[in-house]
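Letter by letter, the chains look like this.
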Amino acid sequence: MEGTPMSQSHSIPRRTFMKAAGAGAAVLTAGCLGAPRADAGAQAQTTTEAADGGLDPAKSVDLDRIAADPTDVPDPVDWTEPRHHEIELETTERVAEIEPGVTFDYMTFNDRVPGPMVRVRRGDTVTLRLTSDEGNSLPHNIDFHAVYGPGGGADDTTIAPGESAEIQFKATYPGVFIYHCAVPNMDHHISAGMFGAILVEPEDGLPEVDRELYFGQHELYTTGDTGEKGHHAFDMDAMAAEEPTYVCLNGEAYAFTGDGYGPVTVQKGERVRIFHSVGGPNLMSSWHGIGNVWETFYRDGDLVSDPDRYVETAPVAPGTVAAAEIDTPVPGPIKLVDHALSRVARKGMLGVIQVEGEEEPEIFNPDP
Ligand SMILES: [Cu+2]
């Protein structure tokens, strides 16, 4: 288990603020994203529909939280010779909340979305053991985009509930890549949460930064309306039509805002590397940080070509992990969004990095 701790616990306290249906979005997107998700009339109508037998009541949850902690990133590679890693991942099927009062049947790697980041160095070897929780109902497997081999490993890791499988692979090429479940209904399984990232550092490593963060964007297709209280079943037709109910950051709506677990805080002046994994299964992310710029942008997770500079909005295709480095010269929020902004204003796709520190009026003066 060198360098790749895969068994961390859920140490972050669950949010305690239970917002009223739809009411929170306007608050958390205050600023350039005033976001009325639904007016009072629409809320009343939704309630009536539910009473008429629309959605089943919310289920009791198996997990207090499905959203991975964005700060949970393995330490940078500090070794210079090839290593062997033993990595264990567990596939699970869990009920959890998309937002307060809205439950969903997630599928995960290690009970969180996105699944844990795996971090190795080019030339390292990995023995990967995949286990399927015995309470599962479906087959699962794992396809690493960092792997040469049938299905990226999926062909030899397809397992039934209670089973486990092992593969070994060499990380022969560098970059940051998606992994995901790849059973025949892979779009459903990815949509339910089964994706994560594997970072294969180049031999010379990555530039030193002060902090690294890891996020995952994906879509949920459900039988309910966005924000409708109750249990949302999966909607295959909506997925086929590519019309999601939610577009989430780390599996939940607005998780890293004042209405959720709170923003991720950094200190003014820190250089921050952000890994943005897009599981999809269908939607391209137009990745943007409001109030900032991708100072260095590693397009498509390519860590060896010359990176792009000062990119405002970057396309990140489903099945891709992009990386960017940002500077934080002024205090205030940096809002991580998909600049297809209806996904932000209405469907949950927003997270906030809060930069703490004294004002820098020469760079930005809010009160000249
Ligand atoms: Cu699966």
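The protein chain carries the name Copper-containing nitrite reductase in an unreviewed UniProt entry, which gives Halopenitus malekzadehii as its organism. Database annotation for the protein chain, UniProt heading Subunit (unreviewed entry): "Homotrimer." Of the protein chain, the UniProt comment under Catalytic activity (unreviewed entry) reads exactly: "nitric oxide + Fe(III)-[cytochrome c] + H2O = Fe(II)-[cytochrome c] + nitrite + 2 H(+)".

A. Representation of the sheet that holds strand 15 (residues 294–298). The strand order 11-9-13-18-15-16 describes an open sheet built from six strands, whose pairing is mixed. The open sheet has two edge strands, strand 11 (246–249) and strand 16 (308–311), and neither has a second partner. Adjacent strand axes in the sheet meet at a mean angle of 25° when their direction is disregarded. Of the pairings in the sheet, the one linking strand 9 (residues 211–220) to strand 11 comprises four bridges and is antiparallel in character. In the strand pairing of strand 11, His-218 is matched with Cys-248.

B. Layout of the pairing of strand 9. Summarising burial for strand 9: nine of the 10 residues are buried, a large majority. Sheet analysis places strand 9 next to strand 13 (residues 272–280), joined by eight bridges and oriented parallel. Among the inter-strand pairings, Gly-216 is bridged to a residue of strand 13, identified as Ser-277.

C. Here's a closer look at empty space enclosed by the protein. Under the counting rule described, the total for this entry stands at three cavities of 30 Å³ or more. In this structure, the second largest cavity is lined by Phe-297, Tyr-298, Arg-299, Asp-302, Ser-305, Asp-306, Pro-307 and Asp-308. Grouping the constituent residues of the lining of the second largest cavity by class yields three nonpolar, one polar and four charged.

D. Spotlight on the coordination of the copper ion. Here the copper ion is held by His-140 (ND1), Cys-181 (SG), His-189 (ND1) and Met-194 (SD), and the distances to it run 2.0 to 2.7 Å. Every donor counted, the four donor atoms about the copper ion form angles of 83 to 139° at the centre, which fits irregular coordination. In primary-sequence terms, the residues that donate to the copper ion follow H-x40-C-x7-H-x4-M. You can see His-140 sitting in the loop between strand 4 (125–132) and strand 5 (143–144) and its partner His-189 sitting in helix 3 (residues 186–191), a full 49 residues away along the chain. Side by side, His-140 and His-189 carry an identical accessibility label, which is buried.

E. Fine view of the sheet that holds strand 2 (residues 102–109). Strands sit in the order 6-4-1-2-10 across an open sheet of five strands; the sheet is mixed. With partners counted over all chains shown, the strands left at the sheet margins are strand 6 (164–170) and strand 10 (230–232), one partner each. Strand after strand, the sheet turns through a mean of 25° between neighbouring axes, direction not considered. Where strand 2 lies against strand 10, three bridges are found, and the strand directions are parallel. Counterpart to Thr-103 in the pairing with strand 10 is His-231.

What counts and how
The numbers attached to residues start from 1 for each chain and follow its sequence in the written order. It should be noted that, the model being predicted, local features are given only for residues of pLDDT at least 70 and side-chain atom pairs only at 80 or more, the latter also being counted only at that level, while totals for whole chains, interfaces and linings use all residues. Processing note: side-chain calculations cover all non-hydrogen atoms of the structure and skip hydrogens and water entirely. UniProt positions are given in the numbering used here, feature names are shortened, and annotations may be inferred rather than shown by experiment. Strands are treated as partners if at least two bridges between them are detected by DSSP. Only DSSP runs of H or I covering at least 4 residues are called helices, and only runs of E covering at least 2 are called strands; the numbering of each starts at the N terminus. Angles run from 0 to 180 degrees between N-to-C directions of axes, and those axes are lines fitted to C-alpha atoms, restricted for helices to the stretch in contact. Exposure classes here rest on a 1.4 Å probe applied to the protein chains alone. A residue is buried below 20% of its type maximum, exposed above 50%, and partly exposed in between. Here a cavity means grid points, on a 1 Å grid over the protein atoms only, where a 1.4 Å probe fits yet cannot get out; a pocket means an open set of points with protein on both sides within 12 Å along at least five of seven lines; lining residues are those with an atom within 4 Å of a point. Grid points are joined across faces, edges and corners, and a volume is the space filled by probe spheres set on the points. Residue polarity is assigned by list, with Asp, Glu, Lys and Arg as charged and Ala, Val, Leu, Ile, Met, Phe, Trp, Tyr, Cys and Pro as nonpolar; anything else, Gly included, falls into the polar class. Metal donors: N, O and S atoms at distances within 2.8 Å, or within 3.2 Å for Na, K and Ca, with water omitted from the atom set so that some sites may seem incomplete. Here the metal geometry follows the donor angles, with tetrahedral for four donors whose angles all fall between 85 and 135 degrees, square planar for four and octahedral for six when opposite donors are more than 155 degrees apart and every other angle is between 65 and 115, and irregular for all the rest.

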